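# Survey of secondary and tertiary structure
Given next are the chains, with one letter for each unit.
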Amino acid sequence: MAHTDPTRHDLMLLVRRRLAGGGVVLHGPSGIGKTFLLRSLVDTGDPKAAVLVTEPAAADREVSFSSLADLLGPVDDEVLRTLPAPQRSALRVVLCREPPAPGGPDPLALRLGVLAVLRTLSARGPILVGIDGAQWVDAAGAEVLAFAARRLDPARVRVVVAETADPPAGPVHGTRFCPGTPFELELPPLGLPETRDLLDRHRVAHAHGHDPEDGEHRPLPHWLSRQVYEASAGNPMYALELDRALRRLPRLPARDQPLPVPDRLRRLLTARLEGLPPEARWLLLLVGSTARPTIALLRAAAGLAYRALDAPTATTERAGAELVRRTVAGAAAAGILDVCEEGEQLRFTHPLFAAALYADGSPQERRAAHAALAELSGEPIDRARHLALASPWPDERVAATLMAAAAQARRRGMPEEAAALARLAVARTPDEHADRRCERCLDGAGHAYAAADYELSRELAQRVFTFGSTPGQRVRACIQIINAANQALHDLDEVFAEAFAQVGDDLCGRARLHYLRACKAHISDGNSAVAWAEAARAAALARQADDLTTEQVALALQAFVGTLQGRPDARDPLTRALARPQDAGPTGRHAGPRAVKARLDFFADRLVDAGAELDRMLRRAEESDDAEERVFVLCGRIDVDVRAGRCDRAMAGAHEVLGLARDMGAYLGQVYYAVAVAEAAGGDLERGAELAREGVRAARADQEQVYLPLALCVLGQIQRRLRDPVGAVGCLSRARAIAARRGIVDPAAIPWSVDLAEALVALGDHAQARAVVDEVRDTALRLGRDGVAASLARADAMVRGESGDLVGAATCLRETAARHHELGLPVEHGRDLLALGAVELRRRHPAAALASWRAAEAAFAEAAARPWLDQARAELARLTRVDDPEPGDLSDEARSRALTPAEHRVAELVGDGATNREIATRLFLSAKTVESTLTRVYRKLGIRSRADLIRLSLGASGEPDPTA
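Since the structure is predicted, the reported quantities are computational estimates derived from the model, not experimental observations.

About the cut-offs
Residues numbered from 1 in each chain as written. Predicted model: local features only at pLDDT ≥ 70, side-chain atom pairs only at ≥ 80, totals over all residues. Heavy atoms only, no water. 1 Å grid on protein atoms, 1.4 Å probe; cavity = no way out; pocket = protein on both sides within 12 Å on 5 of 7 lines; lining within 4 Å. Points joined across faces, edges and corners; volume = space filled by probe spheres on them. Helix = DSSP H or I, 4+ residues; strand = E, 2+ residues; numbered from the N terminus. Buried < 20%, exposed > 50% of the residue type's maximum accessible area, 1.4 Å probe, protein only. Pairing = 2+ DSSP bridges. Axes fitted to C-alpha atoms, helices over the stretch in contact; angles between N-to-C directions. Contact = heavy atoms within 4.5 Å. Phe/Tyr/Trp six-rings, centres within 6.5 Å; stacked < 30°, edge-to-face > 60°. Lys NZ or Arg CZ within 6 Å of the ring centre and 35° of its normal. pLDDT = per-residue confidence, 0-100.

### Some remarks on empty space enclosed by the protein
- Scanning the entire structure with this criterion turns up five cavities of 30 Å³ or more.
- Estimates place the volume of the largest cavity at around 620 Å³.
- Lining of the largest cavity is provided by 30 residues; of these, Arg643, Gln717, Pro751, Glu828 and Arg831 occupy positions nearest its centre.
- Those elements that provide at least two residues to the lining of the largest cavity are helix H28 (593-603), helix H30 (627-643), helix H32 (669-682), helix H34 (707-721), helix H36 (753-763), helix H38 (786-802) and helix H40 (826-842).
- With five residues, H34 is the largest single contributor of residues to the lining of the largest cavity.

As structure tokens, this is what we get:
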């Protein structure tokens, strides 16, 4: 399934859009993040808006007008003096600025006074009102605020309300404080990715001022983050409380140990359990120890307990049924348990209750619970797990049962469960079965890798070296460690050395190791020559050993690396690989021949072929529930979608892949790069820059050389578009240097050239820009990178235009736009039209500029390329003033961009007070020409008269603007 949970960033964007309608009410249980979102909205809102905020607490509800006084406290007496005396006096009494009259403030005067103050403030500019804790607003103040809200203009006064609703489905009252039609949003819990990020940020923040060697600031292992997420049910406050409890432990708990439950939550549970019989606690412990608790299961467990007392069967059944009835009824009444509609399935109202009950049980009680569940369970996988947890000592019978259950779980497509059972089997294997324990470690490492639990995969593989393993087992363990490292291969030299020392005459093992060393050379060492040679060696050995899988992936890697180097024989290995049978296993995955062909099709702008292959791969990955494969394929498809002008689809893929990667705990540079590409094309430039920087940091941390330059490329492009050409040149030059060091000449593989040339043009370094174009253009044409060659022609045209050859620049840009359109590259086509419009405007052809920018707008709109669309519309707004601003709204830059030099000179003279006749004389024009020129100036600047133009030329001090 796609990852579609909205992030807090998504919700912030949604709420900010809806807030424009007048009001937003955020509601949900305690700790869900309402206050955080409200404060973020206030802190990052319109900087011109006046902000009024109140944060009432429970005690304030008993104090009349306390929230109103808090909200309007910042209003000064100058505003109050504009009110009629009764209204001013009533409001000053509430604000404690004058003593109250007998009987308190006049109710109607107070209502009218508050309304008048808000209208006065909103006349000066927009107002943002924040009410955090609407459930605690006192009744008297609530009536006044509701009276005003019904009469305020939602376009001028916007209100954001946070209200705690326990239970979440309860009534929401904060809407009465909002003008217009408010938008209600029940905040959802965080997903696993956001919970993990929250814990990581919290630990880093807590580390400031602590000993850097102290481990409590280090990120939690991914498996432990997942446990915290599941126990907190995505509630940020509960997740942070659990993390604080973990930090208080001398060491982190093992995977099978219970989480420490914070004292506050433990006390809450204890209070709710009061009145239940002692034996009920044991039944609730059973509920918390199994994934699928039912009333029938509890009755059977109670019957077991009574039979242990040698009571008659009928008696035990009646007593057990009665105990279960009372326990379930009492726990449901206390708000601990929910009973489903069928009246059979049970669940805790919050996972923390289960965690607290399990943590509070003694080790003996927990073992007894699992023993009972093992006896009662008819499901082999569940039974094996309970059996292991009931008997935490080495036992070969239990270990064998666990491995059989792990194999069954894997066959059912449950790799996480298989890995957990194999890990338990390793722990239960006696010392005298060291060889079996090694095999179980290796099987478990494979299950964990399939489940994307790379921490466990490495951990189990590492254990092989301590259990007296055979050379073959050590080689397999080394290969598993290398595989589980993902892109972080830089520190595995000792592992490779150990593997080659142990592999002996095993051709299959040796071929696999050479292939992995080729991957390391390509990914971490950045040595394309070694990668080519190692991949060729791996393919040859695999062919001797009749190892089709290794041969196929080695040939695919060899072809890919050769393409990057621009080798004329680069395609040969791929042709040989594709001529062999293609299976649905490793050769059909992201490292296989067909995937490499899709990537090379992308380089050559054969986007239909590339997209079709990636779509087939994605369907297979979804059918097999292979999260890692989905990540790799989605990242490749984002590149294709952006290039093909499907930016909305790219953004959907970006949300999905980022969630998948975080769920896996795999912060790959590839993911950050791909999501940054999507954001730069179809989302938000600032967010794209943030993600690209994360990609740079992640790649540097792993010393990963493939996606480091790519992240630098997308960051450089974004910086150029955000008008930071110096930063852009720095990033793109570093990407260029990495490509040169790696021997990569294919300009589509690391796309630094076009944006670097355009950034150099923006800096005015035309010679260097032309040198970049000349350096890359011939290679692009030789390798068949027609799209890149056309984009380089655009950069060359921009150099021409800046050098004064406007006619040549315009001609070149028209040809480039036609070529990109022919190649099916709409975003590049739109970029050509943007540049063409700027050249046409400099040629004093505003109609042609207008036509170019409108065509660019249409191209970007069709591609859903929102940041580019915004840029096109900004250019159009400068030229046409479609927003009809008031005189004086135009910036100096906008004036110079909108007017031709002749129009600018006429406007300047009008601003100096010259008459039309005087202007005609000074510029050697006819009076009629001056009049027609002024007509065009008025239209372009969105003004109506000579007086408007004179006011437009004046600065704030009333003196003429020297830049006009």
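### Focus: the side chain of aspartate 796
- For aspartate 796, the location among the structural elements is in helix H38.
- Of the residues examined, aspartate 796 reaches a relative accessible area of 7% and is grouped as buried.

### With respect to unusual backbone geometry
- Its identity as a non-glycine residue notwithstanding, phenylalanine 65 has a phi of 65°, on the positive side.
- Tracing the sequence through the fold places phenylalanine 65 in the loop between strand S2 (50-54) and helix H3 (66-72).
- With phi around 60°, cysteine 96 is a residue other than glycine that occupies positive phi space.
- Note that cysteine 96 resides in the loop between helix H5 (85-94) and helix H6 (107-124).

### As for the sheet that holds strand S5 (residues 183-186)
- Strand order in the open sheet formed by five strands is S2-S3-S4-S1-S5, with parallel pairing between adjacent strands. Strands at the two margins of the open sheet, each flanked by one partner only, are S2 and S5. In this sheet, neighbouring strand axes are inclined to one another by 15° on average, regardless of whether the strands run parallel or antiparallel.
- Sheet strands in contact with helix H2 (residues 34-43) are strand S1 (23-28), S2, strand S3 (127-132) and strand S4 (157-164), and its direction is about 165° off that of S4.

### Looking at the packing of aromatic side chains
- Under the criterion given, the structure shown has five aromatic pairs.
- Taken together, a centroid distance of 6.1 Å and an interplanar angle of 35° make the contact between phenylalanine 560 and phenylalanine 603 tilted. With phenylalanine 560 in helix H26 (residues 548-565) and phenylalanine 603 in helix H28, the pair connects residues that are 43 residues apart, well separated along the chain.
- Its relative accessible area of 16% is what places phenylalanine 560 among the buried residues.
- Taken together through their ring pairs, the aromatic side chains of Phe560, Phe602 and Phe603 make up a single cluster.
- Between arginine 18 and the ring centre of phenylalanine 183, over which it is positioned, the NZ or CZ distance is 4.3 Å.
- Sitting above the plane of the tyrosine 358 ring, arginine 366 keeps its charged end 5.4 Å from the centroid.

### Concerning the confidence of the model for the protein
- When the pLDDT values of the protein are averaged, the result is 85; 90% of them are 70 or greater.
- Residue range residues 954-964 is modelled with pLDDT below 50. Its contacts to residues more than four positions away, or to other chains, number 14 contacts.

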